[in-house]
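Below are the chains, spelled out letter by letter.
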Amino acid sequence: MSSSILWVRVHPVTASRKNGIKALVNFSKVWKWLTSGFLLHYDKIGAADRYPYLRRNIILLMLAVTLIPLTFMAVINSHQYHSSLKTEIINPLYTLANKTKHSFELYLEERLSTVRFIASAYAYTELSDEKTLNRILRVMKTELGGFVDLGLIDNQAHMVSYAGPYELLGKTYSQQSWYHEARLRGTYISDVFMGYRKFPHIAIAVQQFTKEDLGWILRATIDTGKFESLIAAMGLDPASDAFLVNREGIFQTSSKYYGKVLERCPFSAPLGNYGTSVVEATDPQGREMLLVFARLAQHDFSLVIVTPRSVILRSWYTLKSEMFFIYFISVGLIVLVTLKLSGNLVRNIREADEKRELAFRELEHTQKLSSIGRLAAGVAHEINNPLAIINEEAGLMKDLVGYGADFPQKEKFLGLINTILKSVDRCKTITHRLLGFARRMEVQFEPLCLNDVIQEVLGFLEKEALYKNVQIRLALAEDLPQISSDRGQLHQVFLNVLTNAIASIEASGFIVITTWQEDDQTQGVSIQDNGCGMSEETLRHIFEPFFTTKHGYGTGLGLPITYGIISKLGGDIKVRSKPGEGTTFTIFVPTKPKTG
Amino acid sequence: MLLVDDEEDFVSALAERLHLRGIDARIATDGEAALEAMEIFLPQVVVLDVMMPGLGGAEVLKRIKAMHPELPVILLTGHGSIREGAAGLTHGADGYLVKPIDIEELIDKMRGALSGD
């Protein structure tokens, strides 16, 4: 496995065509490295590591391709939803806060304008007259509403004229900071204070100058009942709360849940903020709240709307938990399926590879056999001639000695020659077998006797049977008529079956071979052994290619080939077996080759 | 009879054995020589090896049968050429033997062929 990293120089794609092509080529090199070297090609790896490696790669690839987009989407979705939800809920609140803030500003502005108007429209001397002041106050109360008193303060900070319910005439304000502020700024709006009959009030003061350039102040007190109705007009849901606070965080109107007028508000306004903003905070009861702060323009008041976050974000929480649920279930499913699928896939690939290997080996084996067969044929044929020579010459020697005169060693001589001739006979048998083996490759029909064929095959196997102490009992039909069939193929059939029979016998046993004329068209051969037998499950599979119970060295093709041959010859093959008792193969061979 | 085989040792030993049994056998070591010899003297039986260099056994058989259709020809074949032997039968040979041969079998076949079947 190549672990070297391919460094790719990426050329900037300029207008020049050459550079463009170069960049393309480099990219394709990278691509090739990615797909072929790293992830999917496993031919270059040793067999043992190949399959886990392949499986791991498939798993990684599949997980990456499925999980990355899924996670991406989940993240984007939740983000989108969250933000859109927030804006959907928050925007109306925002708008509401702004609108209400404007209403407050308008209200204060109206009152301030009124006082300013009065201060401008009337001269100092006119306002010093209490009757005038009272009349003005009456008109203000009727026409505008909300005014409680009206007072005139001279440049020495003395209240010189007063209309209203309090005893303020003659009072001095030089110690009051609001007075100085009013003198400095020209107008002044106070915070809420507890006033007449313990209702909350605010004071508005406006400065004017006499013709002599002496500053005087007109001061009016407003009751804040209107504030409450402005807030009520917001129409918030019962769980929400809205109120006015000043710069120090003191309630200017009563809060539904958090305190009365002039108490401290538990929420602190966002610092340095001059517009409308939204913050999240925890209230004294520990609930998560959403706060909208709207700063009034002309005074350090802020309108505050408090809404429980849970109300807003309820649907978000539901979605979030649903999404998590679905996401994790999906991830779990994907991982499960990936692991299982890749396991199956790789196992199938491995099995297919192994089968292919086996098939190749078998093919190789067959080809080797056929070349060996040809070789054998060649050798056998070559040997026949010298063998014939030995045979004739030894025969001649025998004739000459036999017909000739006696001499002292005559008997011995004849004996020796006979031994030679017997050995030639053995050689003849051996070459005959060799050629029989070779002839397996060609299909040809000839008249033959099944019994002979069986005997020939037994000749091949007698050594092995002897070694394994297997007794071969023959029950061959006498005078079994000749049939027309392929000797070589029949050799192979009986060889396969008998080899299996011998192999199934562990220590010692017997094999019974029976032949008979089944009917006009067919002869039967049965080969019965008392070996280990086969289970029903095994019986189902024995004619399948590559099925073998000889783990490791069987090719699993012997019986399929046998079956194929018998089918080709037009015969039939049946098996009966009992585990522990033995197996019987029954083969039916047609007397004449079936045409078509 | 005429024995035709390219292995001289074999064919001369066989001829001698036949002589010892009272059968007159001449030999030829290739097809050409055999055909020439047959122009000089006509044998009663020809024993012919199918695998011979030069004019092969099959060709010789054909020519003999062309010239003397009544003349019995027995083919000798090594195991590798049984097919040739069997083919030879269809071309008119009167029998075949597989090498190495049993001389008694040869004599039997010869007598059989001569007794005219």
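Residues numbered from 1 in each chain as written. Chains lettered and ligands numbered in written order. Predicted model: local features only at pLDDT ≥ 70, side-chain atom pairs only at ≥ 80, totals over all residues.

Re the overall build of chain B
Point 1. Summing up its helical and strand segments, chain B has five helices and five strands in all.
Point 2. Listing every helix and strand of chain B by position from the N terminus yields β-α-β-α-β-α-β-α-β-α.
Point 3. When burial is assessed residue by residue, chain B has 47% of its 117 residues classed as buried.
Point 4. Nonlocal contacts in chain B, meaning residues at least 24 apart in sequence, comprise 54% of its contacts between residues at least 6 apart. (Helix = DSSP H or I, 4+ residues; strand = E, 2+ residues; numbered from the N terminus. Buried ≥ 20, exposed ≤ 12 C-beta atoms within 10 Å, placed from the backbone. Contact = placed C-beta atoms within 7 Å.)

Comments concerning the overall build of chain A
Point 1. What chain A contains, in helices and strands, is 12 helices and 17 strands.
Point 2. In chain A, which comprises 596 residues, the proportion classed as buried is 26%.
Point 3. Across chain A, the fraction of contacts at a sequence separation of at least 24, relative to all contacts at a separation of at least 6, is 59%.

A few points about the interface of chain B and chain A
Point 1. In this complex, chain B contributes 15 residues to the contact, which on the side of chain A involves 20 residues.
Point 2. Counting residues per element, the side of chain B that touches chain A draws most heavily on helix α1 (residues 8-20) of chain B, at seven residues.
Point 3. In the side of chain B that touches chain A, the residues fall into seven nonpolar, three polar and five charged. (Nonpolar A, V, L, I, M, F, W, Y, C, P; charged D, E, K, R; others polar.)

Examining helix α5 (residues 103-114) of chain B
Residue and element names in this part refer to chain B.
Point 1. An ideal rise of 1.5 Å per residue puts 16 Å on 12 residues; α5 measures up with 16 Å between its terminal C-alpha atoms.
Point 2. Residues of α5 that are buried include every one of Leu106, Met110 and Ala113, and no others. All buried residues of α5 lie within an arc of 65° about the axis, which places them on one face of the element. Turned more than 90 degrees away from the buried face of α5 sit Glu104, Glu105, Asp108 and Arg111, all of them exposed.
Point 3. The elements touched by buried residues of α5 are β4 (73-77) and β5 (95-98). (Expected span 1.5 Å × (residues − 1). Arc of directions from axis to C-beta.)

Considering the packing of helix α2 (residues 31-40) of chain B against helix α3 (residues 57-67) of chain B
All names here are of chain B.
Point 1. With their axes 10 Å apart at the nearest point, α2 and α3 run at an angle of 15° to one another. Considered as vectors, α2 and α3 are oriented roughly parallel to each other. Between α2 and α3 lies a crossing whose hand is right-handed. Residue-level inspection shows Gly31, Ala34 and Leu35 of α2 in contact with α3, the latter providing Glu59, Val60 and Arg63. (Axes fitted to C-alpha atoms, helices over the stretch in contact; angles between N-to-C directions. Parallel < 35°, antiparallel > 145°, perpendicular 65-115°, else oblique. Left-handed = near helix turned anticlockwise from the far one by under 90°.)

What to know about the environment of Leu20 of chain B
Point 1. Examined against the element boundaries, Leu20 of chain B turns out to sit in helix α1.
Point 2. In this view, Leu20 of chain B contacts Asp399 and Tyr403 of chain A; residues no more than four positions away in its chain are not counted.

Focus on the pairing of strand β16 (residues 572-578) of chain A
For a regular strand, the rule is simple: side chains alternate between the two faces of the sheet.
Residues and elements named next belong to chain A.
Point 1. Pairing analysis gives seven bridges linking β16 to strand β17 (residues 582-590), with the strands arranged antiparallel. Following the sheet pairing, Lys574 is matched in β17 by Thr586.
Point 2. The hairpin formed by β16 and β17 contains three residues between the paired strands, and Gly580 there has a positive phi angle of roughly 90°. (Pairing = 2+ DSSP bridges.)

Focus on the sheet that holds strand β10 (residues 302-308) of chain A
Residues and elements named next belong to chain A.
Point 1. One open sheet accounts for four strands, arranged β7-β10-β9-β8; its pairing is antiparallel. The sheet is open, and its two edges are formed by β7 (241-245) and β8 (276-282), each paired on a single side. Across the sheet, the mean angle from the axis of one strand to that of its neighbour is 25°, orientation sign disregarded.
Point 2. Pairing analysis gives seven bridges linking β8 to strand β9 (residues 288-295), with the strands arranged antiparallel. Paired with Glu280 across the bridge in β9 is Leu290.

Observations concerning unusual backbone geometry
Residues and elements named next belong to chain A.
Point 1. Look at Ala157: it is not a glycine, yet its phi comes out positive at around 70°.
Point 2. Taking the C-beta count within 10 Å as the criterion, Ala157 has 18 such neighbours and is therefore assigned partly exposed.
Point 3. Of note in this structure, Asp213 is not a glycine but carries a positive phi near 65°.
Point 4. Structurally, the position occupied by Asp213 is in the loop between β5 (200-209) and β6 (215-223).
Point 5. For Asp213, a count of 7 C-beta atoms within 10 Å gives the class exposed.

A look at the nonpolar core
Point 1. By size, the foremost hydrophobic cluster in this structure holds 60 residues, and its most contacted members are Val115, Ile204, Ala205, Leu218, Leu291, Val292 and Val304 of chain A.
Point 2. Not counting the four nearest positions on each side in its chain, Ile204 of chain A is found in contact with Arg111, Leu112, Val115, Ile189, Ala220 and Ile222 of chain A.
Point 3. Core analysis: the second largest hydrophobic core is formed by 40 residues, Leu396 of chain A together with Ala25, Val46 and Val73 of chain B among them. (Core = buried A, V, L, I, M, F, W, Y, C linked by C-beta atoms within 7 Å.)

Comments concerning helix α10 (residues 487-504) of chain A
Point 1. With 18 residues, α10 of chain A should cover 26 Å at 1.5 Å per step; its first-to-last C-alpha distance of 26 Å lies within 8% of that length.
Point 2. Among all positions in α10 of chain A, only Gly488, Gln489, Leu490, His491, Val493, Phe494, Asn496, Val497, Leu498, Asn500, Ala501 and Ser504 of chain A are buried.

A look at the sheet that holds β16 of chain A
Residues and elements named next belong to chain A.
Point 1. The strand order β12-β14-β15-β17-β16 describes an open sheet built from five strands, whose pairing is mixed. Only two strands of the sheet have a single partner each, and these edge strands are β12 (470-475) and β16. Adjacent strand axes in the sheet meet at a mean angle of 15°, parallel and antiparallel pairs treated alike.
Point 2. On top of the sheet, helix α9 (residues 450-467) reaches β12, β14 (509-517), β15 (522-529) and β17; it is set at about 170° to β14, its chief contact.
Point 3. Its contacts with the sheet place helix α12 (residues 558-569) against β16 and β17, and it is angled at close to 140° to β16.

So, the pairing of β14 of chain A
Residue and element names in this part refer to chain A.
Point 1. Alignment of β12 against β14, held across six bridges, turns out to be parallel. Residue pairing for β14: Gln471 is matched across the bridge by Phe510.
Point 2. As paired elements, β14 and β15 share seven bridges and run antiparallel to each other. Among the inter-strand pairings, Val512 is bridged to a residue of β15, identified as Gln528.
Point 3. Linking β14 to β15, which pair antiparallel, is a turn of four residues.

What to know about the confidence of the model for chain B
Residue and element names in this part refer to chain B.
Point 1. Summary statistics for chain B give a mean pLDDT of 82 and a share of 89% for residues scoring 70 or more.
Point 2. Least confident of the elements in chain B is helix α4 (residues 82-90), whose mean pLDDT is 65; most confident is strand β2 (residues 26-28), at 90.
Point 3. Taken over the whole predicted complex, pTM reads 0.42, whereas the ipTM for its chain interfaces reads 0.83. (pLDDT = per-residue confidence, 0-100.)

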